[in-house]
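Topology and contacts: notes
The chain contents come next:
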Amino acid sequence: MLNVRNVKIDDLSELVAIEHLCFSKDEAATETAFRKRIQLIPDTFFVAEEDGVLVGIINGPVISTSYITDDLFSNIKENPASGGHQSILGLAVHPHFQKHGIASVLLMHLEKESREKKRQTITLTCKENLIKFYEKMGYNNEGVSDSEHGGVVWYDMSKML
């Protein structure tokens, strides 16, 4: 059975492993970045477990702007209690567990939490091949992002809450 919960520091090595299976070295969050996110934004950092095995992650800070900026990947602050825009810096599902709806469950969980905390939107960047997935989840394609993270082309996606 799939269980979604807040991240714990004990999850760190598994988080890094999943991240590096899903993203290139230039795109993937580092162990240091994850450690900082666990410390500063545990309220918007969730993991999915299947029978006690960590299979997916979603995380990102609440920001004051409508779009993600590259500085967020290394410089984040604690989340405000309410308001703002919920960003998603990472959504990753272990390759052996992909195509089972886990990413959708993680997105819906973050959306529910964000609505309860009166966030205005959820904002993320994705590669072109994932635009249709996010559109099916109710996100709008806002066009090519200013992000240069990892040296690839990203698209700004957002969803009003």
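Residues numbered from 1 in each chain as written. Predicted model: local features only at pLDDT ≥ 70, side-chain atom pairs only at ≥ 80, totals over all residues. Heavy atoms only, no water.

The computed volume of the largest pocket comes to approximately 850 Å³. Along its surface, the largest pocket is lined by 37 residues, and F23, L91, A92, L130 and Y134 are the ones closest to its centre. Sorting the residues of the lining of the largest pocket by element identifies α1 (12-22), α2 (31-40), β6 (90-93), α3 (102-116), β7 (121-126) and α4 (131-136) as the ones contributing at least two each. Residue contributions to the lining of the largest pocket peak at four residues, all from β6. Tallied by class, residues from the lining of the largest pocket come to 22 nonpolar, 10 polar and five charged. Around the second largest pocket, the lining residues are P61, V62, I63, S64, T65, T69, D71, L72, N75, I76, K77 and E78. Residues that form the lining of the second largest pocket fall into these classes: five nonpolar, four polar and three charged. (1 Å grid on protein atoms, 1.4 Å probe; cavity = no way out; pocket = protein on both sides within 12 Å on 5 of 7 lines; lining within 4 Å. Points joined across faces, edges and corners; volume = space filled by probe spheres on them. Helix = DSSP H or I, 4+ residues; strand = E, 2+ residues; numbered from the N terminus. Nonpolar A, V, L, I, M, F, W, Y, C, P; charged D, E, K, R; others polar.)

Taken as a whole, α2 has its buried residues at A33, F34, R37 and I38. Projected onto a plane normal to the axis of α2, the buried residues spread over an arc of 135° and lie on a single side. Exposed positions of α2 whose direction lies more than 90 degrees from the buried face are T32 and Q39. Where α2 is buried, its residues touch α1, β2 (45-50) and β3 (53-59). (Buried < 20%, exposed > 50% of the residue type's maximum accessible area, 1.4 Å probe, protein only. Arc of directions from axis to C-beta. Contact = heavy atoms within 4.5 Å.)

Let us look at the packing of α1 against α2. Packed helices, taken two at a time, are described by the angle between their axes plus the distance between the axes. In the contact formed by α1 and α2, the axes pass within 10 Å of each other and the chain directions differ by 125°. Taken together, the axes of α1 and α2 are oblique relative to one another. Here α1 and α2 pass one another in a crossing that is right-handed. Residue-level inspection shows L12, L15, V16 and E19 of α1 in contact with α2, the latter providing E31, F34, R35 and I38. Across the contact of α1 with α2, the residue classes break down as five nonpolar, no polar and three charged. (Axes fitted to C-alpha atoms, helices over the stretch in contact; angles between N-to-C directions. Parallel < 35°, antiparallel > 145°, perpendicular 65-115°, else oblique. Left-handed = near helix turned anticlockwise from the far one by under 90°.)

It is worth spelling out the pattern of salt bridges at this point. The tally for this structure, following the rule as stated, stands at seven salt bridges. Note that R5 is salt-bridged to D11, the shortest N-O span being 2.8 Å. Judged by its relative accessible area of 4%, D11 falls in the buried class. The salt bridge involving K159 is made with E111; its shortest N-O contact spans 2.9 Å. (Salt bridge = Lys/Arg side-chain N within 4 Å of Asp/Glu carboxyl O.)

Honestly, it's all geometry; don't read function into it.
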